[in-house]
Amino acid sequence: MSSKDAPPLPEPLRVPVADSHTHLDMQDVTVEEGLARASAVNVTTVIQVGCDVAGSRWAAETAAAHANVHAAVALHPNEAPRIVHGDPDGRSRQGAREAGGRAALHEALAEIDALAALDHVRGVGETGLDCFRTGPEGMAAQEESFRAHIEIAKRHGKALVIHDREAHADVLRILADAGAPERTVFHCYSGDADMARICADAGYFMSFAGNVTFKNAQPLRDALAVAPMELVLVETDAPFLTPAPYRGRPNAPYLIPVTLRAMAEVKGVDEDTLASAISDNTARAFDY
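Residues numbered from 1 in each chain as written. Predicted model: local features only at pLDDT ≥ 70, side-chain atom pairs only at ≥ 80, totals over all residues. Heavy atoms only, no water.

1. Thoughts on the overall build of the chain
Part 1: Across its full length, the chain carries 10 helices and eight strands.
Part 2: Its C-alpha atoms give the chain a radius of gyration of 18 Å, within 12% of the compact-globule value 19 Å for 288 residues.
Part 3: Considering only C-alpha atoms, the chain reaches an extent of 50 × 40 × 35 Å along its principal axes.
Part 4: Looking at the 288 residues of the chain, the share that counts as buried comes to 56%.
Part 5: Within the structure as shown, the chain displays about 11600 Å² of accessible surface, and the carbon and sulfur contribution to it stands at 52%.
Part 6: Positive and negative side-chain charges in the chain, numbering 26 and 41 respectively, have mean positions lying 2 Å apart. (Helix = DSSP H or I, 4+ residues; strand = E, 2+ residues; numbered from the N terminus. Rg over C-alpha atoms; globule rule 2.2 N^0.38 Å. Buried < 20%, exposed > 50% of the residue type's maximum accessible area, 1.4 Å probe, protein only. Areas by Shrake-Rupley, 256 points an atom, 1.4 Å probe, with all protein chains shown as cover. Lys, Arg positive; Asp, Glu negative; His and termini not counted. Charge placed at Lys NZ, Arg CZ, Asp CG, Glu CD.)

Right under this line is the structure:
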């Protein structure tokens, strides 16, 4: 999708907020342009998230170069099985790959561990489980990788950023079993209201993306309604999950106000109140 499909800049927020999860390396503009557009609508901080070793290195370098960018580093849940079992179809950005086995997974995890030690890396993620893109044969690799990331996050005192796709019960089970880090964020929260109550009891942050604005997303809005204000974050997951009415066009951090305004309506608060809470929550979640 080219930048000519890009939605217009929304009305700026009055209170500055952070985009808790974005992929600047997958967007159609330079980092500087992306940050300038975000800043124009008062989205003043972004968390740049890595999904593989190369993307995590890039996230760390970008955070080092820009004061308002913080990095999270990880092997995405779908990356772990590709490393172990190979990726003959080349579905990831690396193209076709041979199977590397568990030794290759451990090598990649060692690299994530080294990046997680850096000061401008504030999170370990996105990690977790994905039963949508990975079949049963890849789940052992996903779980091993997820448990390793939990350990890395705890050892370095960093936030854990979770990707949970069609795997709610297993993600919650592993977090309880391994012991969740002090600060745990469910990126692109996709559970229902009952799960939101479980997350709230455990003190997990819930980050809502543009899909909370989709017509068919009532269960997500129900979850947001019961999520405690002090545990709510907002994100783009850009270039994905563009909020309505721009669904299908490229997403970017400057569209955070569209999602935040929809969230304020669900929470029954004014946008300044929600923006202030989210601003504090994101700084607390990622310890910046």
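2. Considering unusual backbone geometry
Phi is mostly negative for residues that are not glycine, and the peptide bonds are mostly trans.
Part 1: For the peptide bond that leads from Gly125 to Glu126, omega is 20°, which places it in the cis range.
Part 2: If you trace the backbone, Glu126 turns up in strand β4 (residues 121-130).
Part 3: Note the cis peptide between Ala238 and Pro239, where omega equals 15°.
Part 4: Its location among the elements puts Pro239 in the loop between β8 (232-234) and α9 (256-267).

3. Side note on the environment of Ser279
Part 1: Examined against the element boundaries, Ser279 turns out to sit in helix α10 (residues 271-286).
Part 2: Residue Ser279 is classed as partly exposed on the basis of its relative accessible area, which comes to 24%.
Part 3: A sequence separation of 234 residues divides Ser279 from Thr45, and the C-alpha atoms of the two residues are 9.3 Å apart.

4. Section: the pairing of strand β5 (residues 159-165)
Part 1: β5 sits mainly inside the fold: six of its seven residues count as buried.
Part 2: Pairing of β4 with β5, which is carried by six bridges, proceeds in the parallel orientation. Across the sheet, the residue bridging to Thr127 is Ile162, located in β5.
Part 3: What joins β4 to β5 is helix α5 (residues 139-156), and the crossover it makes is right-handed.
Part 4: Note: β5 against strand β6 (residues 184-186), three bridges, orientation parallel. Directly across from Val161, in β6, lies its bridge partner Val185.
Part 5: Following the backbone out of β5, through helix α6 (residues 168-178) and into the adjacent parallel β6, one traces a crossover that is right-handed. (Pairing = 2+ DSSP bridges. Right-handed = clockwise from strand over helix to strand, strands pointing away.)

5. Some points on the sheet that holds β6
Part 1: Taken in spatial order, the eight strands line up as β1-β2-β3-β4-β5-β6-β7-β8 in an open sheet, and their pairing is parallel. Each edge of the open sheet carries a strand with a single partner, namely β1 (17-22) and β8. Neighbour-to-neighbour, the strand axes of the sheet open up by a mean angle of 30°, direction not taken into account.
Part 2: Relative to β4, strand β3 (residues 69-73) runs parallel, the two sharing three bridges. Along β4, the bridge assignment pairs Ala71 with Val121.
Part 3: Set on the sheet, α5 makes contact with β4 and β5; between it and β4 the angle comes to about 155°. (Axes fitted to C-alpha atoms, helices over the stretch in contact; angles between N-to-C directions. Contact = heavy atoms within 4.5 Å.)

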